[in-house]
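Notes for the structure review
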Amino acid sequence: MPLVTAPADPGLRSVAHVAVEARVGSVSGLFDYAVPDDLTGVIEVGHRVRVPFGKRTVTGFVYALDTAPAVLELKPIEALVDAEPVVPPVLIELAGFVAAHYVVPLDEVIRAIVPPRVRAVVRRTVKRRRQSRILRQATGVPTASDIQLEPAQQAAKERIAVALGRQEGQVFLMHGVTASGKTEVYLALLAEVLAAGGQGLVLVPEIALTPQTVGRFGARFPGRLAVLHSSLTEAERAAEWWRIRRGEADIVVGPRAAVFAPLPRLRLIVIDEEESSAFKQERIPRYHAPTVARWLAHRTQSVLILGSATPSVVAYAAALSGRAHLLELPHRAQGRPLPPVTVVDMRKEIATRHFSPLSQELQAAMAGSLERREQSILFLNRRGLATFVLCRDCGQVRECAHCSVALVYHAALGRLQCHYCGSSEPMPRRCPACGSRFIKSFGVGTERIEQEVRSLFPSSRVVRLDRDVMKTPDAADLVFDQMLSGDADVLVGTQMVAKGLDLPRVTTVGVVNADTSLHFPDYRSSERTFSLLTQVAGRAGRGTRASGVFIQTYTPDHPAIRHAQHHDYRGFYREELEVRRSYGFPPFGELIVATYGHRDEARAEGEARSAVEQLSATIGLLNLGDIEVLGPSPAFVYRLKDEFRFEVTLKGTDLQRLGERLPRGRGWSLDVDPM
């Protein structure tokens, strides 16, 4: 580890660059402090220190050690907080990469890396008041260790094992259809890594999937698993973090933030469902876990596996160009066929005056599954009973008082709720605008579908999984238990039910409205729709019984729906790639979205317009003609928490060339590689 020693030149002094815990909003987040004589030869990168900051004393982390002219007046470090560095050097380097790539102060990155309780206490022992269910699953009930791989799985495993043996930081994209046995390959490789004294990291996109993954990996490697998960208490997260830091756990499982786990002997990183937008952090720092993992794999000479049935267009293009190794698992394990997919044109349903949100074909299939004591999954990426409330006299839609979005009616709450800021209000009996009594809720959410299923099939046992029912850390796990045990017949849910679930009794899967994500103002809307449809279709046919998938849509000829019907990833990829090429979207270019928000609408627009002018001038001055500035334009959610928001979009190659010239400061937020 880098140590600071006394400079040989008496005209120089030892200096530490410290990321302070002060939320000062500085560009870098770093401040320089003199290293006192008693800490010379002791202090290391990653040490936590106490430093003077204004009129107070704060803690910070040593990012780098350097020398500076002795005449430079610097405040000295007051004390070390811990005898040893808290953050290992590789994570300090990683923090520097994230700060530079995503244009965010370093202290914000370190705050994301180190759990709050670890930052707040000196000692390493943390008492737990209770143990979350997910930690009990991590201990596991041991199962047979032999994993019998099929030929395609074995071939993939052997190719990756060669890279592991060479300790080369290589990237593999494992493209395997749903239920092709990707997890078995991960488990077999982890067994080899652990046998050689290494460690592994496994990332899953949805926190709802973590318990199932933990249970499976915990059974295979009992007592060797650590979990980093938002459902843990702060004390539990701190205790798990210290277990990992001390090298007491060999495998870490968790969602995106687990990419910062302090594993000292990392050799294998697995990112399952790599295309998921859940791997992109929406709050500062807005990092993308697979991008961070690529840097980490290169730095630690670890192997990175990106696994998916529907890889992102960017990842697949990288594999075809040779920047990653492409591995294919084209068939389901044990020779099971992919389920047939029926596309239901909902325009024809309306023409026949069938107005239920569940088509006649889907209802018939569900009835058959119930009669045979099989299960169904209904997917709709909309929460609530109704997605908007409309006055049929004046036409006004009830919007949030703080955001420019329609309020959603939730019957369980008996209230209208904003899904952006969380504010709510009672369902009005009269229109607040005109006083009319003809005010009604429209649109369909998961709560409405649950009611419809109970009405159509009164004897069915229906469970729902969306954010509204995730009131406790174990809520998702309990719902899955009901499905696995056969205590539930129908599962209604949002994208939490679309990926990763292995439920052999499910024989009918229905996508209630495939158009929900298709028409968003987002260049990835087609990719996201294709992925969700393919993944949710993959929940069917995992057992031995005949299954069927029904995709309900008003645009049956859209490429995303057409290719999803035939499980045709390559066909979708080729068509989508040409669209991206024509517009210069990734992988043919990079994007940065700068958003300015202010309570004064005119000021918000003026600041954004000024930024466009400055950026355009800079691009011309530096001769960066391949970079395009778009905007300013109102953000998709124009008003959020009482602030009006305007976006400025940069599109081109190597956007980091703009560096410090990107708009920064109060009111601005930057999203590098937006998803």
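Before going into details, it helps to say that this report is about the structure given with it. All of these numbers come straight from a predicted model, not from anything done at the bench. (Residues numbered from 1 in each chain as written. Predicted model: local features only at pLDDT ≥ 70, side-chain atom pairs only at ≥ 80, totals over all residues. Heavy atoms only, no water.)

Describing the nonpolar core
In terms of nonpolar packing, the biggest core is built from 114 residues, with Val252, Ile269, Leu491 and Leu650 touching the most fellow members. The greatest single-element share of this core, amounting to seven residues, is contributed by helix α1 (residues 89-101). Apart from the residues within four sequence positions on either side, Ile269 is in contact with Leu201, Ala293, Leu296, Ala297, Val303, Leu304 and Ile305. Counting residues in each nonpolar core, the second largest holds 32 residues, with Ala138, Leu194, Leu225 and Val227 among its members. (Core = buried A, V, L, I, M, F, W, Y, C linked by side-chain atoms within 4.5 Å. Buried < 20%, exposed > 50% of the residue type's maximum accessible area, 1.4 Å probe, protein only. Helix = DSSP H or I, 4+ residues; strand = E, 2+ residues; numbered from the N terminus. Contact = heavy atoms within 4.5 Å.)

Here's the deal with unusual backbone geometry
For residues that are not glycine, phi is negative in most cases, and the peptide bond is trans in most cases. Omega for the bond connecting Ile284 with Pro285 falls within 30 degrees of zero, at 0°, which places this linkage in the cis form. The residue Pro285 is located in the loop between β10 (266-272) and α9 (289-300) in this model. With omega at 0°, the peptide bond leading from Gly631 into Pro632 counts as cis. Structurally, Pro632 is set in strand β25 (residues 628-640). Backbone geometry at Gln167 places phi at a positive 55°, although glycine is not the residue there. With respect to the helices and strands, Gln167 occurs in the loop between α5 (151-166) and β6 (171-176). A relative accessible area of 42% places Gln167 in the partly exposed class. Positive phi, normally seen in glycine, also occurs at His567, with a value near 50°.

Here we look at the sheet that holds strand β17 (residues 415-417)
Pairing between the strands of a sheet is mediated by backbone hydrogen bonds and can be parallel or antiparallel. The strand order across the open sheet formed by three strands is β16-β17-β18, and the pairing between neighbours is antiparallel. Each edge of the sheet is formed by a strand with only one pairing partner; in this case those strands are β16 (408-410) and β18 (424-426). Sheet twist, expressed as the mean angle between neighbouring strand axes with direction ignored, is 35°. With three bridges connecting them, β17 and β18 associate as antiparallel partners. Of the residues in β18, the one forming a bridge with Leu416 is Glu425. (Pairing = 2+ DSSP bridges. Axes fitted to C-alpha atoms, helices over the stretch in contact; angles between N-to-C directions.)

Topic: the packing of aromatic side chains
The tally for this structure, following the rule as stated, stands at 14 aromatic pairs. Taking the centre distance of 5.1 Å and the plane angle of 85° together, the rings of Phe31 and Phe53 count as edge-to-face. Linking Phe31 in strand β2 (residues 30-34) with Phe53 in strand β3 (residues 48-53), this pair joins segments that are 22 residues apart in sequence. What makes Phe53 buried here is its relative accessible area of 15%. Relative to Tyr573, the ring of Tyr569 has its centre 6.2 Å away and its plane inclined at 25°; by these criteria the two rings are stacked. With Tyr569 and Tyr573 both in helix α17 (residues 569-583) and four residues apart, the pair spans about one turn of that helix. With a relative accessible area of 5%, Tyr569 lands in the buried category. Judged by its relative accessible area of 6%, Tyr573 falls in the buried class. In textbook terms, an aromatic cluster arises when at least three aromatic residues are bridged by ring pairs, as seen for Tyr316, Phe530, Tyr569, Phe572 and Tyr573. Its guanidinium or amino end placed over the ring of Phe438, Arg437 lies 5.8 Å from that ring's centre, counting from NZ or CZ. Above the ring of Phe585, the side-chain terminus of Lys651 is found at 4.7 Å from the ring centroid. (Phe/Tyr/Trp six-rings, centres within 6.5 Å; stacked < 30°, edge-to-face > 60°. Lys NZ or Arg CZ within 6 Å of the ring centre and 35° of its normal.)

Remember that the coordinates give geometry; whether it matters functionally is a separate question.
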